[in-house]
Amino acid sequence: MGIREQIDADIKAAMKSGAKDKVSALRMLSAALKNKQIDKRAPLVDSEVLDTVRSLIKQRKDSIEQFAKGGRQDLVDKETAEVAVLEVYLPQQLGREEVEKLVREAIAQTSAQGAKDMGKVMKALVPLIAGRADNKLVSELVKSSLG
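Residues numbered from 1 in each chain as written. Predicted model: local features only at pLDDT ≥ 70, side-chain atom pairs only at ≥ 80, totals over all residues. Heavy atoms only, no water.

## Here's the deal with the pattern of salt bridges
As enumerated under the stated definition, the model contains ten salt bridges in all. Measuring nitrogen to oxygen at the nearest pair gives 3.5 Å for the salt bridge that ties Asp-62 to Lys-58. With Asp-62 and Lys-58 both in helix α3 (residues 46-69) and four residues apart, the pair spans about one turn of that helix. Residue Glu-87 is joined to Lys-61 by a salt bridge in which the shortest nitrogen-to-oxygen separation is 3.8 Å. Within this pair, whereas Glu-87 is found in helix α4 (residues 73-87), its partner Lys-61 is found in helix α3, the two being separated by 26 residues in sequence. In this structure Glu-87 comes out as partly exposed when scored by relative accessible area, which is 38%. By relative accessible area, Lys-61 is classed as partly exposed at 44%. One network of salt bridges, in which partners are shared, links Arg-60, Lys-78, Glu-79 and Glu-82. (Salt bridge = Lys/Arg side-chain N within 4 Å of Asp/Glu carboxyl O. Helix = DSSP H or I, 4+ residues; strand = E, 2+ residues; numbered from the N terminus. Buried < 20%, exposed > 50% of the residue type's maximum accessible area, 1.4 Å probe, protein only.)

Below, the structure written as structure tokens:
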């Protein structure tokens, strides 16, 4: 079963169980996927579905930050719940230790010497990590390792 089919099945299951918040988050995801499919004029492959999920999660995290600054805890809670629903569809995330190990390996592989070689290291790392770790964390680890 593809990711898209899993999302549709989860919407039905959430509707049957009466989980209104989950239904809302999944319908929002489904609508975003349908819009992307219409823009592309072709069915989406799993990597495009995952990119859309990541994009929606990033939007929610940005919103959480803004709502927290504005003192709107109710909206922070709502967005946090939506992030939890969406994260189910992402591949297993790498732990910090695993990312640090990959960073060390990439630095050794590229023979990077300092901060000026950060681009080379990131270019080597991105295909290895491919959405299994936060790019912000990866960037910070590379900077601190090269710095």
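Anyway, onward from the coordinates.
## Points about helix α7 (residues 135-146)
Over its twelve residues, α7 runs 16 Å from end to end, which matches the ideal 16 Å to within 8%, given 1.5 Å per residue. Taken as a whole, α7 has its buried residues at Leu-137, Val-138, Leu-141, Val-142 and Leu-146. Down the axis, α7 shows its buried residues gathered within 155° of arc, on one side only. Summarising the geometry of α7, the exposed residues directed more than 90 degrees from the buried face are Lys-136, Lys-143 and Ser-144. On its buried face, α7 sits against α5 (96-110) and α6 (118-129). (Expected span 1.5 Å × (residues − 1). Arc of directions from axis to C-beta. Contact = heavy atoms within 4.5 Å.)

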